[in-house]
Amino acid sequence: MRVFFHVQHLLGIGHLKRAATLARALRTAGFEVTLASGGMPVEGIGMESIPVLQLPPATSVDFKHLLDEDGRPVDEAWKKRRTEALLDAYQASKADVLLIELFPFGRRQLRFELLPLLESAGDALVVCSVRDLLQPRPAREDEMLQCFEYYFDQVLVHGDPRVATFERSFGKVGRLAGKLHYTGYVVEEEERKGDAGQGEVLVSAGGGAVGRRLLETAIAARPLSALRDRTWRVLAGVNAGDIGNLKGEGVIVERARNDFTLRLRNCVLSVSQAGYNTVMETLQARARAVLVPFAEGGEAEQTLRARLLAERGLAQMVEEDSLTPGRLAAAIDRAAVAPRPAAGAVDLGGARRTAELLLEWLK
């Protein structure tokens, strides 16, 4: 059983990290997986055991306009070269399942390659893999549905409807009846042991492309918090710029740690944005948490996720547009005295359930 899995990350690395987790679960279940990655190569997220087709990489600063690996706008020749590489690899894979991350509910700028890929699907089962919440675009929902109904067989929503139903960010979900399947949230199922990071405050910004303000505010919040006597470890992210001026008394600044999930388990409290992967790792670790969702440029997905989790008592939240050292310190102090999230508070078995569903559909 062979799966061809297309994924594109543009600004952060969350889409690729989630796809890598899914790919490993599919391999464990007996699938052969080819992961076609359209973003910049990223090290340290467990891709070593997965066959990866690295397409000519694309990035973006606004989620609308594609840039090549040198930061130049892509042209038609670039699109043609990338599409041909993608189609050649798909035909060679002889896939039983074509799995496409996000499209047609996002990644509209990749239609130049994804529509030809879908036209080439043949007899393969065609499945969309999508996170719990979308960036809401009501005006485009009919267009998305038309594409889905024409090309796709099923959609896997990697979330828990007890926390967030898909209709929270996609109003016409009724037209997906019978084809929409919740898997639970996708997170690596691992149980690391050790005492690294015991008692620290852990501040992180995912890949780091857009987290600078959070990191600076957290450092400024330390003297104002009841946890000022703790070590605060700030992880700026692999895509952060110069981190030389991120410093403060009692603060350790690093780009990233391979033992991040272990440190989440051991920390006294986590401060982070509300991206999918970081939030799920935080819930898996049952860490007390403060979420400051990324909301620049009209982005609403992280804010909605953070609000829903705060409503369930699973985290404290500070809106990005009201972020100050004082407000962040107050939220940290509230979180520090709250109980840890209960085991099983959300369904985190999404990777395993994804493999189970694909197996069922191929029978």
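Every chain is numbered on its own, with residues counted from 1 as its sequence reads. With pLDDT at 70 or above as the cut-off, local features in this predicted model cover only qualifying residues; side-chain atom pairs require 80 or more to be listed or tallied, and sums for whole chains, interfaces and linings still use all residues. No hydrogens and no water enter the side-chain calculation; it runs on all heavy atoms of the structure.

How should I be thinking about the layout of surface pockets in this particular structure?
The rolling of a water-molecule-sized probe over the atoms marks out the regions of remaining empty space. Computed over the protein atoms alone on a 1 Å grid, cavities are sets of points where a 1.4 Å probe fits but cannot get out and pockets are open sets with protein on both sides within 12 Å along at least five of seven lines; a residue lines them when it has an atom within 4 Å of a point. Grid points are joined across faces, edges and corners, and a volume is the space filled by probe spheres set on the points. Each pocket or cavity is described by its volume, and for the second largest pocket that value is around 210 Å³. Class assignment of the residues belonging to the lining of the second largest pocket gives a composition of 9 nonpolar, 5 polar and 1 charged. Ten residue types, Ala, Val, Leu, Ile, Met, Phe, Trp, Tyr, Cys and Pro, are classed as nonpolar, four, Asp, Glu, Lys and Arg, as charged, and the remainder, Gly among them, as polar.

In this structure, what is going on with the environment of Arg72? I would like to understand it.
Elements are defined by DSSP. Helices are runs of H or I of four residues or more, strands are runs of E of two residues or more, and each kind is numbered from the N terminus. Among the secondary structure elements, Arg72 is positioned in the loop between β3 (52-54) and α2 (76-93). Note: C-alpha distance between Arg72 and Val337 (265 residues apart in sequence) is 49 Å. One polar contact links Arg72 to Asp70, side chain to side chain, over a distance of 3.2 Å. Between N or O atoms, a polar contact is any pair within 3.5 Å; within protein, one atom must be a potential hydrogen donor and the other a potential acceptor, and residues adjacent in sequence are included only when both atoms are from side chains.

Where do I start with empty space enclosed by the protein in this structure?
For the coordinates displayed, the defined rule picks out 1 cavity of 30 Å³ or more. There is about 50 Å³ of room inside the largest cavity. As for the largest cavity, its lining consists of Val279, Thr282, Leu283, Ala287, Ala289, Leu291, Leu309, Leu314, Ala315 and Pro341. Contributing elements (two or more residues each) for the lining of the largest cavity: α7 (276-284) and β12 (289-291). The element contributing the most residues to the lining of the largest cavity is α7, with 3 residues. Residues that form the lining of the largest cavity fall into these classes: 9 nonpolar, 1 polar and no charged.

Honestly, the sheet that holds strand β2 (residues 32-37) in this entry has me stumped. Any pointers?
Sheet strands line up and pair through hydrogen bonds in the backbone, either parallel or antiparallel. Paired strands are those between which DSSP finds at least two bridges. Read from one edge to the other, the open sheet built from 7 strands follows the order β3-β2-β1-β4-β5-β6-β7, with strand pairing classed as parallel. Each edge of the open sheet is held by one strand with a lone partner, namely β3 and β7 (180-182). Going across the sheet, the axis of each strand differs from the next one's by a mean of 20 degrees, ignoring polarity. Direction of pairing for strand β5 (residues 125-131) relative to strand β6 (residues 154-158): parallel, over a ladder of 5 bridges. When the bridges of β6 are listed, Cys128 appears paired with Val155. Contacts from helix α10 (residues 350-362) reach β4 (97-101), β5, β6 and β7 within the one sheet, and its direction differs from that of β6 by about 165 degrees. Only the contacting stretch of a helix is used when fitting its axis, a line to C-alpha atoms as for every element, and angles between N-to-C directions run 0 to 180 degrees. Whether two residues are in contact is decided by their heavy atoms, any of which lying within 4.5 Å being enough.

What is the right way to look at helix α3 (residues 111-119) in this model?
Each α-helix turn comprises 3.6 residues. Residues three or four places apart therefore point the same way. Throughout, exposure labels follow a simple rule: accessible area from a 1.4 Å probe, protein chains only, divided by the maximum for the residue type, with under 20% read as buried, over 50% as exposed, and the rest as partly exposed. Those residues of α3 not exposed but buried are Phe112, Glu113, Leu114, Leu117 and Leu118. Turning to α3, the residues buried within the fold contact β1 (2-7), α2, β4, β5 and α4 (141-151).

In this structure, what is going on with the packing of helix α1 (residues 14-28) against α7? I would like to understand it.
Helix packing for two helices is described by the angle between their axes and how far apart those axes are. Running from N to C, α1 and α7 point in directions that differ by 55 degrees, and their axes come no closer than 8 Å. Between α1 and α7, the angle falls in the class oblique. Facing α1, whose interface residues are Gly14, His15, Lys17 and Arg18, α7 presents Tyr276, Asn277 and Glu281. Its residues assigned to classes, the contact of α1 with α7 comprises 1 nonpolar, 3 polar and 3 charged. Any angle that falls under 35 degrees is termed roughly parallel, while one over 145 is termed roughly antiparallel, one within 65 to 115 roughly perpendicular, and all others oblique.

Looking at this model, I keep getting lost on the nonpolar core. Mind explaining?
What tends to happen in soluble globular proteins is that the nonpolar side chains get buried as a cluster. Counting residues in each nonpolar core, the largest one holds 50 residues, and the members touching the most others are Val3, Leu26, Leu35, Leu99, Tyr185, Met280 and Leu358. Top element by residues in this core is α1. It accounts for 7 residues. Working definition of a nonpolar core: buried Ala, Val, Leu, Ile, Met, Phe, Trp, Tyr and Cys residues. They are joined through side-chain atoms within 4.5 Å.

What's the story with a positive patch on the surface in this structure? I'm lost.
Patch criteria: residues need more than 30% relative accessible area and no salt bridge. Like-charged residues are merged within 9 Å; nonpolar side chains of Val, Leu, Ile, Met, Phe, Trp and Tyr are merged within 5 Å. Exposure was quantified through the Shrake-Rupley algorithm and a 1.4 Å probe, taking into account, for residues, occlusion by the shown protein chains and nothing else. By salt bridge we mean one thing: a side-chain nitrogen of Lys or Arg within 4 Å of a carboxyl oxygen of Asp or Glu. Note on charges: Lys and Arg go in the positive column, Asp and Glu in the negative column, and His and the chain ends are not counted at all. Lys charges are placed at NZ, Arg charges at CZ, Asp charges at CG and Glu charges at CD. Where like charges cluster on the molecular surface, the positive patch consists of Lys64, Arg111, Arg137 and Arg140. In this structure, Arg137 sits in the loop between β5 and α4.

Honestly, unusual backbone geometry in this entry has me stumped. Any pointers?
Most peptide bonds take the trans configuration, and most residues that are not glycine carry a negative phi. In the segment running from Phe103 into Pro104, the intervening peptide bond is cis, with an omega of 15 degrees. With respect to the secondary-structure elements, Pro104 resides in the loop between β4 and α3. Backbone geometry at Arg107 places phi at a positive 60 degrees, although glycine is not the residue there. Here Arg107 lies in the loop between β4 and α3. Despite not being glycine, Arg286 has its phi angle at roughly 55 degrees, a positive value. By the element assignment, Arg286 lies in the loop between α7 and β12. We classify Arg286 as partly exposed; its relative accessible area is 35%.

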